[in-house]
2 protein chains.
Amino acid sequence: MSEQRRARLRLEISREAARLFWEQGVAATSGDQIAEAVSLSTRTIWRHFRSKESCAEPIVMQGVVTLMTVLRSWPRRSSLEDHLTTELTRLRLGHQTPPVDLADEMLAMKMIRLADTEPALRTAWLMAYDQVERAMCVIIGDRLERPADDLEVRMHAAGAAAAVRVLEEHIGAAVLAGADVTQFTDVTAVSRRFAHAIRTATGGVVGDPVA
Amino acid sequence: MSEQRRARLRLEISREAARLFWEQGVAATSGDQIAEAVSLSTRTIWRHFRSKESCAEPIVMQGVVTLMTVLRSWPRRSSLEDHLTTELTRLRLGHQTPPVDLADEMLAMKMIRLADTEPALRTAWLMAYDQVERAMCVIIGDRLERPADDLEVRMHAAGAAAAVRVLEEHIGAAVLAGADVTQFTDVTAVSRRFAHAIRTATGGVVGDPVA
DNA sequence: TTGCACCGTGTCACTTAGTGACGTACTGTC
DNA sequence: GACAGTACGTCACTAAGTGACACGGTGCAA
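Predicted model only: the values in this text are computed from it and were never measured. (Residues numbered from 1 in each chain as written. Chains lettered and ligands numbered in written order. Predicted model: local features only at pLDDT ≥ 70, side-chain atom pairs only at ≥ 80, totals over all residues. Heavy atoms only, no water.)

## Side note on the packing of helix α5 (residues 80-93) of chain B against helix α9 (residues 187-201) of chain B
Residues and elements named next belong to chain B. The interhelical angle for the contact between α5 and α9, taken along N-to-C directions, is 140 degrees, at an axis separation of 9 Å. By the angle class used here, α5 and α9 are oblique. α5 and α9 meet at a crossing whose hand is right-handed. Where α5 abuts α9, its residues Leu80, Glu81, Leu84, Thr85, Leu88, Thr89 and Arg92 lie against Val187, Thr188, Ser191, Arg192, Phe194, Ala195, Ile198 and Arg199. (Axes fitted to C-alpha atoms, helices over the stretch in contact; angles between N-to-C directions. Helix = DSSP H or I, 4+ residues; strand = E, 2+ residues; numbered from the N terminus. Parallel < 35°, antiparallel > 145°, perpendicular 65-115°, else oblique. Left-handed = near helix turned anticlockwise from the far one by under 90°. Contact = heavy atoms within 4.5 Å.)

Below is the structure:
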């Protein structure tokens, strides 16, 4: 089974699981229900996810993987702000890599919101960002010309990941609370916020162009 | 049941659970086994812990709570380094507040190590630091004279917590790998490391004395 | 001392998350 | 068109966790 196909299936399951979690709560939705919602056997669900909560991971990861992909292509010569704005506008304009479905983004925000009160989902959310942290390690290690498991690199990566996570939580909460969504569609403004978060969380070490 | 008594019981359960997790792996130890090890009924275990993995939380939190307590008493006029060194030496000398049993510290490190390979324990470890993050929010918010749920405060808190976590992971791994333990008994050196971690993770905003 | 209320724990029955074993059907390849 | 690989379904099973209720200890008032 191709990596892509597997990812798509996981996402599809995740979508239905998230919807059910939101509509009736995590505890109240059973594995059987999720299985039925995606027309699969329950056994197959557990073959693709190690636990019920982790069914939420793909949907919350979706928005994050774009950011990660963008960061991976960050050239040494440009600043974080510049790179984010150019790449994000490119993604927004040329739809060849459809960033993320809007409904999916809403679903992700709902999961983050649920994670506030449901410890089971909180673990899933934190585990998702644990992945982000690992990805950050190689990105930052690469930029600082140090091994990815270097202590300082790991600390910077952890800080950056945590800052991004909190920013994401904040945005999600704001949108769900009915805030003006247009402020999050301004690519330059959003880029600046993420860049600023990463900069300060790494003590200014990550953000500037490097030789 | 007094808060303290409840905490002590949780810690006792956690101790045995951690020992079993380390000796035979998480999957291989059952709730019944943990219960038997502390001479309680299985039902009582689930009354004190929401899941098997979370049994590890108190033991890994133990070392962290000292740091948190110390941070809570951080006076505005002193720098982070100074306060940490003075408080930690005071703790080390005056044993009236027994910091943490050495065996417990070793156990905690083992759990952190296990968390590297066992996703179930990783969630517990991350959840423990989620608590740290919340505590950091009020400490930093207080210091910056802002509400604890302010976005910037939360980002700084998240960064600081993450940095401390990685440092803790690093120290744990080093000790278990047989590194020279004496370098971690030098209070000033350790204080400097933690202070430096928090400083850079907060972009230098948290660390200096404030008016 | 008796009586009462409270609460932490044990017992037992029950639900459900998650796994192992095996059969089947689909897919691509020679 | 036979064959290997593998994703999925079925079924039986283990174990994590919960609900309901009974028991026993502690504190307090009469």
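After that view, the rundown keeps rolling.
## So, the side chain of His48(B)
All names here are of chain B. Structurally, the position occupied by His48 is in helix α3 (residues 42-48). A polar contact of 3.4 Å, which involves the side chain of His48, links it to the side chain of Arg6. Beyond its immediate chain neighbours, meaning those up to four positions away, His48 contacts Arg6, Leu9, Arg10 and Ile13. (Polar contact = N/O pair within 3.5 Å; in protein donor to acceptor, adjacent residues only side chain to side chain.)

## Quick look at the side chain of Arg143(B)
Residue and element names in this part refer to chain B. Topologically, Arg143 is positioned in helix α7 (residues 119-144). Salt bridges are absent for the buried Arg143, whose nearest opposite-charge side chain, Asp142, sits at 6.8 Å. Looking at Arg143, its side chain comes within polar contact range of the main-chain oxygen of Asp208, at 2.9 Å. Setting aside its immediate chain neighbours within four residues, Arg143 contacts Trp74, Pro75, Arg76, Arg77, Ser78, Asp208, Pro209 and Val210. (Buried < 20%, exposed > 50% of the residue type's maximum accessible area, 1.4 Å probe, protein only. Lys, Arg positive; Asp, Glu negative; His and termini not counted. Salt bridge = Lys/Arg side-chain N within 4 Å of Asp/Glu carboxyl O.)

## A few points about the nonpolar core
Core analysis: the biggest nonpolar cluster contains 132 residues, and Leu71(A), Leu71(B) and Met136(B) have the highest contact counts within it. With residues near it in sequence (within four places) discarded, Leu71(A) still touches Leu80(A), Leu84(A), Met136(A), Ile139(A) and Ile198(A). (Core = buried A, V, L, I, M, F, W, Y, C linked by side-chain atoms within 4.5 Å.)

## With respect to helix α4 (residues 57-72) of chain A
All names here are of chain A. Taking 1.5 Å of rise per residue, 16 residues should cover 22 Å, and α4 covers 21 Å from first to last C-alpha, within 8% of that figure. Most of α4 is tucked away: 12 of the 16 residues are buried. What α4 keeps buried is the set Glu57, Pro58, Ile59, Val60, Met61, Gln62, Val64, Thr66, Leu67, Met68, Val70 and Leu71. Each element contacted by the buried residues of α4 is listed here: α1 (3-24), α5 (80-93), α6 (102-115), α7 (119-143), α8 (151-176) and α9 (187-201). (Expected span 1.5 Å × (residues − 1).)

## Section: the interface of chain B and chain A
With 27 residues of chain B in contact, the opposing surface of chain A contributes 27 residues. Where chain B abuts chain A, roughly 2,300 Å² becomes buried across the two surfaces, and 66% of that area is made up of carbon and sulfur atoms. When the buried surface of chain B facing chain A is broken down by residue, Leu151(B), Met155(B) and Val166(B) rank first, second and third, together holding 22% of it. Where chain B packs against chain A, one counts six salt bridges. One salt bridge connects Glu133(A) with Arg165(B), and the closest N-O pair in it is separated by 2.6 Å. Inspection of the chain B/chain A interface yields eight residue pairs in polar contact (both at pLDDT 80 or more). Top contributing element to the side of chain B that touches chain A by residue count: helix α8 (residues 151-176) of chain B, with 12 residues. (Buried area = accessible area lost by both parts, 1.4 Å probe.)

## Regarding the packing of aromatic side chains
Ring pairs (aromatic) are described by centroid distance and by the angle formed between their planes. All names here are of chain A. In this structure the tally under the stated criterion is two aromatic pairs over all chains. Seen in terms of ring centroids, Trp125 and Tyr129 are 4.9 Å apart; in terms of plane orientation they differ by 70 degrees. Their pairing is edge-to-face. With Trp125 and Tyr129 both in helix α7 and four residues apart, the pair spans about one turn of that helix. Note that Arg143 overlies the ring of Trp74, its terminal NZ or CZ placed 3.4 Å from the centroid. (Phe/Tyr/Trp six-rings, centres within 6.5 Å; stacked < 30°, edge-to-face > 60°. Lys NZ or Arg CZ within 6 Å of the ring centre and 35° of its normal.)

## Let's talk about the layout of surface pockets
A volume near 1,400 Å³ is recorded for the largest pocket. Around the largest pocket, the lining is made up of 45 residues, and of these Ala7(B), Pro58(B), Met61(B), Gln62(B) and Val65(B) lie nearest the centre. For the lining of the largest pocket, the secondary-structure elements that each account for two or more residues are α7 of chain A together with α1 (3-24), α4 (57-72), α5 and α7 of chain B. Here the lining of the largest pocket takes 11 residues from α4(B), the largest share from any one element. When its residues are assigned to classes, the lining of the largest pocket shows 19 nonpolar, 11 polar and 15 charged. (1 Å grid on protein atoms, 1.4 Å probe; cavity = no way out; pocket = protein on both sides within 12 Å on 5 of 7 lines; lining within 4 Å. Points joined across faces, edges and corners; volume = space filled by probe spheres on them. Nonpolar A, V, L, I, M, F, W, Y, C, P; charged D, E, K, R; others polar.)

Everything listed here is a matter of geometry and, on its own, says nothing about what the molecule does.
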